[in-house]
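Overview (structure and organization)
As a plain string of letters, each chain reads:
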Amino acid sequence: MDQRIENAYTFLDELEKENEAGLAEKLYAMKDVEQHIHKLESKIEEIRKKKDPHIDLFSPIGVHSLSNAEIELEREAEEYKEQLPELERIVHKQQKRKKNLDETRSIIQEQKEQIAELQEKKEAKVQLYFLEEQELDRNRIARDLHDSTVQNLTMLMHKTELCTKLLNVDNV
């Protein structure tokens, strides 16, 4: 039984290591995506600051004077922003998995403790059974010795009395 519990602990350890590695990787990826988004937004801000504020005054209504670089940076930032929810979902899933693994580990620990307690109780019952059997044997032996010895002594006394009476009757 102990070997199966140790195997379960080993398996849990492996799962936890895999989960931790995956979680660390996804957290790193999220941080990397957030940094890229921040850098792209900073570049967009720089481009907007350098742009002439009055250029929209001379542009037709509804036409924005976004530069190709600004459009490309915004598109790239949007692509990164689209990756974040999936990464967050995966991180949440792995954090939930970690919690489940921790709960499983505590359940196994409780089971291990219960098994140990049951084994102790079983051993105590076996020891008690042997002691009871030993005591019964002692009592039986004592009874047998007592009964046979007393009966033999009583028989000897009666035979002695009988011999004495017979000797008194016939003095040969």
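Let us look at the structure shown here.

Criteria and thresholds
- Each residue is numbered by its place in its chain's sequence as written, counting from 1.
- It should be noted that, the model being predicted, local features are given only for residues of pLDDT at least 70 and side-chain atom pairs only at 80 or more, the latter also being counted only at that level, while totals for whole chains, interfaces and linings use all residues.
- Water and hydrogen atoms play no part in the side-chain values, which are based on all heavy atoms of the structure.
- Here a helix means four or more residues in a row that DSSP labels H or I, a strand means two or more in a row labelled E, and each is numbered from the N terminus.
- Note on exposure labels: buried denotes an accessible area under 20% of the residue type's maximum, exposed denotes more than 50%, and partly exposed covers the range between, all computed with a 1.4 Å probe on protein chains only.
- Here a residue-residue contact requires only that any non-hydrogen atoms of the pair lie within 4.5 Å.
- Under the convention used here, a 1.4 Å probe and the Shrake-Rupley method define accessible areas, while residue burial counts only the protein chains that appear.
- To estimate how far a helix should reach, multiply one less than its number of residues by 1.5 Å.
- Axes here refer to lines fitted to C-alpha atoms; in helices the fit is confined to the stretch in contact. Angles between the N-to-C directions go from 0 to 180 degrees.
- Working definition: roughly parallel below 35 degrees, roughly antiparallel above 145 degrees, roughly perpendicular at 65 to 115 degrees, and oblique for all remaining angles.
- Each helix crossing is assigned a hand: it is left-handed if the near helix lies turned anticlockwise from the far helix by less than a right angle, otherwise right-handed if that turn is clockwise.
- Here, a salt bridge means any side-chain nitrogen of Lys or Arg that lies within 4 Å of a carboxyl oxygen of Asp or Glu.
- Note that patches include only residues with greater than 30% relative accessible area and no salt bridge, and the join distances are 9 Å for like charges and 5 Å for nonpolar side chains (Val, Leu, Ile, Met, Phe, Trp, Tyr).

To continue, consider the overall build of the protein chain. For the protein chain, the helix and strand inventory stands at two helices and zero strands. When the 172 residues of the protein chain are sorted by exposure, 14% land in the buried category. At a minimum sequence separation of 6, the contacts of the protein chain that also span at least 24 residues come to 85%. When the accessible surface of the protein chain is summed, it comes to about 14,400 Å², and 57% of that surface belongs to carbon and sulfur atoms.

This brings us to helix α2 (residues 68–169). With 102 residues, α2 ought to run about 152 Å at 1.5 Å a step, and its terminal C-alpha atoms sit 150 Å apart, in line with that. Regarding α2, the residues found buried are Glu70, Leu73, Ala77, Tyr80, Leu84, Leu87, Val91, Gln94, Leu101 and Ile108. Those residues of α2 that are buried lie in contact with α1 (2–50).

Another point: the packing of α1 against α2. Interhelical geometry of α1 versus α2 gives an angle of 160 degrees and a closest axis separation of 8 Å. The angle between the axes of α1 and α2 places the two elements in the roughly antiparallel class. The two elements α1 and α2 meet at a crossing, and its hand is left-handed.

Right, let's get into the side chain of glutamate 70. Of note, glutamate 70 is situated in helix α2. A relative accessible area of 0% places glutamate 70 in the buried class. With residues near it in sequence (within four places) discarded, glutamate 70 still touches Ile44, Ile47, Arg48 and Lys51.

Turning our eyes to something else, we now look at the side chain of glutamate 16. Relative to the elements of secondary structure, glutamate 16 occurs in helix α1. Those residues in contact with glutamate 16 that sit more than four places away from it in its chain are Leu101, Asp102 and Arg105.

As a further point, take the pattern of salt bridges. One pass over the full model with this rule turns up 11 salt bridges. Its salt-bridge partner being glutamate 135, residue arginine 138 comes within 3.5 Å of it at the nearest N-O pair. Highlighted residues: arginine 138 and glutamate 135, both in helix α2, separated by three residues, approximately one helical turn. Residue class for glutamate 135 comes out partly exposed when judged on its relative accessible area of 38%.

Residues Val126, Tyr129 and Phe130 make up a contiguous nonpolar surface patch of roughly 320 Å² in combined accessible area. Mapped onto the secondary structure, tyrosine 129 falls in helix α2.

The analysis is restricted to geometry; functional conclusions fall outside its scope.
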